[in-house]
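Listed below, chain by chain, are the residues.
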Amino acid sequence: MPAPAPPRSPRSPPLLLPRLLLLLLALGGRHLRAEPGDGAQVWSRFARPPAPEAAGLLHDTFPDGFFWAVGTAAYQTEGGWRQHGKGASIWDTFTHHPPAPPGDPQAASLPTGAPSPSPPATGDVASDSYNNVFRDTEGLRELGVTHYRFSISWARVLPNGSAGAPNREGLRYYRRLLERLRELGVQPVVTLYHWDLPQRLQDAYGGWANRAVADHFRDYAELCFRHFGGQVKYWITIDNPYVVAWHGYATGRLAPGVRGSARLGYLVAHNLLLAHAKIWHLYNTSFRPTQGGRVSIALSSHWISPRRRADHGIQECQKSLDFVLGWFAKPIFVDGDYPDSMKNSLSTLLPAFSDPEKKFVKGTADFFALSFGPTLSFQLLDPPMKFRQVESPSLRQLLSWVDLEYNHPQIFIVENGWFVSGTTKQDDAKYMYYLKKFIMETLKAIRLDGVDVIGYTAWSLLDGFEWHRGYGIRRGLFYVDFLSQDKKLLPKSSALFYQQLIEKNGFPPSPENQPLEGTFPCDFAWGIADNYIQVDTALSQFTDPHVYLWDVHRSKGLLKVDGLVARRRPPSCADFAAIHAQVALLQDTHATHFHFSLDWALVLPRGDRSQELGPHVKFWITMHEPPTRNMTYSAGHNLLKAHALAWRAYDGQFRRSQNGKVSLALQADWIEPACPSSPKDQEGAERVLEFDLGWLAEPVFGSGDYPRVMRDWLNRRNNFLLPYFTEDEKRLIRGSFDFLAVSHYTTILVDWEKEDPSKYNDYLEVQEMTDITWLNSPGQVAVVPWGLRKVLGWLKSKYGDLPTYVIANGVDDDLQAGQDRLRVHYLKSYVNEALKAYALDGVHLRGYFAYAFSDRTAPRFGLYRYAAAQFEPKPSVQHYREIIDGNGFPGPEPPGGLCPREFEPCTECGFFHTRKGLLAFIAFLLFAFVVSLSLIFYYSRKGRRSYK
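A brief structural summary. Along every chain, residues carry numbers that run from 1 in the direction the sequence is written. Two thresholds apply to this predicted model, a pLDDT of at least 70 for residue-level local features and 80 or more for giving and counting side-chain atom pairs, whereas whole-chain, interface and lining totals are computed over all residues. Only hydrogens and water are set aside; all other atoms, that is, all heavy atoms of the structure, feed into the side-chain values.

1. Thoughts on the sheet that holds strand β29 (residues 804-809)
The seven strands lie next to each other as β19-β16-β30-β29-β23-β21-β20, forming an open sheet whose pairing is parallel. Each edge of the sheet is formed by a strand with only one pairing partner; in this case those strands are β19 (593-595) and β20 (619-624). Geometrically, the sheet is characterised by an average inter-axis angle of 25° between neighbouring strands, direction not taken into account. Should DSSP find at least two bridges between two strands, the strands are regarded as paired. Secondary structure is summarised from DSSP: a helix means a run of H or I of at least four residues, a strand means a run of E of at least two, and numbering begins at the N terminus for each. Two strands pair when backbone bridges link them, and strand β21 (residues 661-667) and strand β23 (residues 740-743) are joined in this way by three bridges, in the parallel orientation. Each residue of the ladder has a partner; that of L666, found in β23, is V742. In this analysis, two residues are considered to be in contact whenever any of their non-hydrogen atoms come within 4.5 Å of each other. With axes taken as lines fitted to C-alpha atoms, and helix axes fitted only over the stretch in contact, angles between N-to-C directions fall between 0 and 180 degrees. Seen against the sheet, helix α30 (residues 875-885) touches β16 (525-529) and β30 (845-851) and runs at an angle of roughly 160° to β16.

Right, dumping it as structure tokens:
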């Protein structure tokens, strides 16, 4: 960010005022000029993780007039490869006669009788867009996009690639498409060359390896400008020249499949840059004055992070981007020449620009057209160009790098998205959440980083031929059944998401995603939960149970005696000082309740009733968070009966005298359909909820039997292991509660599509996943506050208006972090969602318990850090105390309606807790004084007896 201007001295002459005003305007309204190499600042700037509040979704909208686009490429979608006079392209040849991989046996060497390999995938028909203009444009209308990026097939308008007689049918097809776009009010963004060079130019000249092809490219571009330029305001000359040059002519992975040298790859890139510049100058001179359009080249890039946060790692990352993006961007956007890192490393491999060529190439782009996605990143990036660093799908950081490296250009993201398996149909949750992530990062780059992004293009409109991946993956917003005759488009979940996002122009604030002001009832239970209370018992020797010998002759140190351990003494009354200290810490939080577990073996070591705690306890939990995902059906059956017997025993024998309440606590993480619009995902989410939560909740709080969804599902799978209750058992179990207690920690998405077989649950036929825009804890637990509100609403809809307690809610945080910022954010956000459930949804919420008391019993979850036998409060303690003191989130009005609440400190507890050393010294003095008095008294009496 630019530094603020220094304050003006009061004695500054008046003539300086205009200059200072201009400086302030420059600093406040525009970025300072950036130079090549400034992009290296990005890695340092993003080195530290953002605050939790800034790490998740940014609820904001895009600037007015932002371009919302979607795109396709001709060879991927058009098909019609022989229709109406279209010529062959290098991709037609490459797919019909693919070169054998290096070292692979040729087909001719196959043994007699061996099965012939399956025919290669081609774009001969693809999505058949050539015959379905209305179908495709209806998809644009449904999405509501403002711009549509498509490419013109060079061989369709000029079958031989030269400026001879154009193919009228090809020209008619593109005119028809442009006319339809005009009717819909959608602006075209037209790519002249998206990898499909006419085969004749490849045969005659060797393709882009020959500079003569640039002249044919100019003739082709001029034809397009004359025929279509009146309706096109945005032109892309060449798509992703890195892939064209490197994988077309060096590695041979893509068409035309030339396995040349690295030198040939760099030569082709050189020719592509000159060809692009030729087209820009043609438009600038001959067509811009009348057509008023803009021209650029689509440059694709990855993002990369250093393995180690050292200067060398950052230099290697900078070099990696130079070798992929800077290779083409620096000549165009800076000075007409290649990055210094390339020139220094590649020596004679890299062609040199002459001075006239530098001037010719420099400045030949009216905006920065950026592509980012799996085609280059993670698939086609040549490993040596990573320089041993790590790729990362971070669009925001790449946008910041481009902004700094190339002096704040206008950026139009002309291709972005992800992919799903070729077998995935309409519920493409994985693609949808990547799309959400990239668009959110674009919004943050605009609003938080000041990057001038003018548009975003989701890739692609519909499923098609995916280059080297064929039909093995899908990248469309609309599903295409390639085996069908009509190739009807079916909107995917990602299409519905994108349509709604365009309609809202981003992620606007709404009451659902904004904090709520309000308070809980005055008798609300504010609690802290922990696993158990641990009492320190002193050891018989030092603070270590092992026995040592002092080696006075040799080492002069202590030698541990193997196999010998000192016994702890049994607990005694003195140990309660440790409990007093912990109670004092609990009181510091202002919590009114403490939830902990009893150790059955310690309470009843002989199985008798020698100790009674009932008079001191008003809330009992029979069983806490039974592990439904790791429990057999018979174990769950017995557990429910055991709980019911305990509740009936308390109800019949102790309730009248002790006046307490009893229930069981269930873990209730929320299960959300990955695609909210998908009926199958909704059914899957409901099924998982019933197996996770309804399994134990329904018999107690509902019908007295297991959920119907659960039994029907198991019967359908011929699984009859779920036991049946007798009528007496149903009566025993049903209603065996006084309140509903749930633990909640996170939210999980479920998708019915088998996108990742390794993560698919065949038993419930769902796949668990996460929204990659969600904030995650160090333990990779998703922080999704609204999930608490949803699960509370679901329980209310299922079991009625029951008094409900959130008996445990918490998150792990970094033990090394000085400020537990994540826990602070978690507490505020989750308690606020609990308030929404209470105030807006009518949930009968009676209490909230933060988990956990200390790291000693719940590592990384504690409100208190435990070290060196001392408890140290974390910052989250203060924040939780403020919530408790306000009984929620009171507004700015005078808190006249707040509940009267006094927190009298336990002076005795505090005294013991803070003055342990002083107490020990006083106790020693008292002991010495008593002993001295006793001795004086004893000897004085003895002396008197002797005298007598």
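2. Some details on the nonpolar core
Only buried residues count toward a nonpolar core. Its members are Ala, Val, Leu, Ile, Met, Phe, Trp, Tyr and Cys residues joined through side-chain atoms within 4.5 Å. Buried means the residue's accessible area, taken with a 1.4 Å probe over protein chains only, is under 20% of the maximum for its type, while exposed means over 50%, and partly exposed covers the values in between. Counting 241 residues, the largest nonpolar core has W208, W327 and Y498 as the members making the most contacts within it. Other than its neighbours up to four places away in sequence, Y498 contacts W68, A69, L143, V145, L435, I439, Y456, A458 and L477. Of all hydrophobic cores here, the second largest spans ten residues; its members include F67, V189, Y234 and I454.

3. Let's talk about the sheet that holds strand β24 (residues 747-751)
Here we have four strands laid out as an open sheet, ordered β22-β24-β26-β25, and mixed in their pairing. Looking at strand neighbours, the two that pair on one side only are β22 (670-673) and β25 (760-761), the edges of this open sheet. The pairing of β22 with β24 spans four bridges and is parallel. By the bridge assignment for β24, W670 is matched with T747. Contacts from helix α28 (residues 786-799) reach β22 and β24 within the one sheet, and its direction differs from that of β22 by about 95°.

4. Some points on empty space enclosed by the protein
Cavity means a closed set of points on a 1 Å grid over the protein atoms alone, one where a 1.4 Å probe fits but cannot get out, pocket means an open set with protein on both sides within 12 Å along at least 5 of 7 lines, and lining means a residue has an atom within 4 Å of a point. Grid points are joined across faces, edges and corners, and a volume is the space filled by probe spheres set on the points. Under the criterion given, the structure shown has ten cavities of 30 Å³ or more. By volume, the largest cavity amounts to about 110 Å³. If you trace the largest cavity, you find 16 residues lining it, with N240, S371, T375, E415 and R475 closest to the centre. Residues of the lining of the largest cavity, tallied by class, amount to six nonpolar, seven polar and three charged. Empty space within the second largest cavity amounts to approximately 90 Å³. Taken together, 14 residues make up the lining of the second largest cavity; nearest its centre are T72, S129, Y148, Y173 and L177. Those elements that place two or more of their residues in the lining of the second largest cavity are α4 (74-77), α6 (133-143), β2 (147-151) and α8 (168-184). Split by residue class, the lining of the second largest cavity holds eight nonpolar, four polar and two charged. Note that Gly is not counted as nonpolar here; it falls among the polar residues with everything else outside the nonpolar set of Ala, Val, Leu, Ile, Met, Phe, Trp, Tyr, Cys and Pro and the charged set of Asp, Glu, Lys and Arg.

5. A closer look at the layout of surface pockets
Taken as a whole, the second largest pocket holds about 1700 Å³ of empty space. As for the second largest pocket, its lining consists of 45 residues, and the residues nearest its centre are L57, H59, K436, N513 and W786. At the level of elements, α3 (52-55), α19 (429-447), α20 (493-504), β22, α28 and α29 (821-839) are the ones that each hand at least two residues to the lining of the second largest pocket. Grouping the constituent residues of the lining of the second largest pocket by class yields 21 nonpolar, 13 polar and eleven charged.

6. Looking at the environment of S797
Turning to its location among the elements, S797 is positioned in helix α28. Separated by 46 residues in the primary sequence, S797 and V843 place their C-alpha atoms 9.5 Å from one another.

7. Quick notes on the packing of aromatic side chains
Aromatic contacts are taken between Phe, Tyr and Trp rings whose centres are within 6.5 Å, Trp giving its six-membered ring; a plane angle under 30 degrees counts as stacked, one over 60 as edge-to-face, and the others as tilted. Applying the stated rule across the entire model yields 80 aromatic pairs. Summarising the aromatic geometry, the rings of F62 and W68 are spaced 4.8 Å apart at their centres and angled 80° between planes, so their arrangement reads as edge-to-face. Among the residues examined, W68 registers a relative accessible area of 3% and is labelled buried. With a centroid separation of 5.2 Å and 75° between ring planes, the pair formed by F739 and Y805 is classed as edge-to-face. Taken as a pair, F739 in the loop between α27 (727-733) and β23 and Y805 in strand β29 lie far apart in primary sequence, 66 residues in all. On the basis of relative accessible area, F739 is assigned to the buried category, the value being 2%. Overall, Y805 belongs to the buried group, its relative accessible area being 8%.

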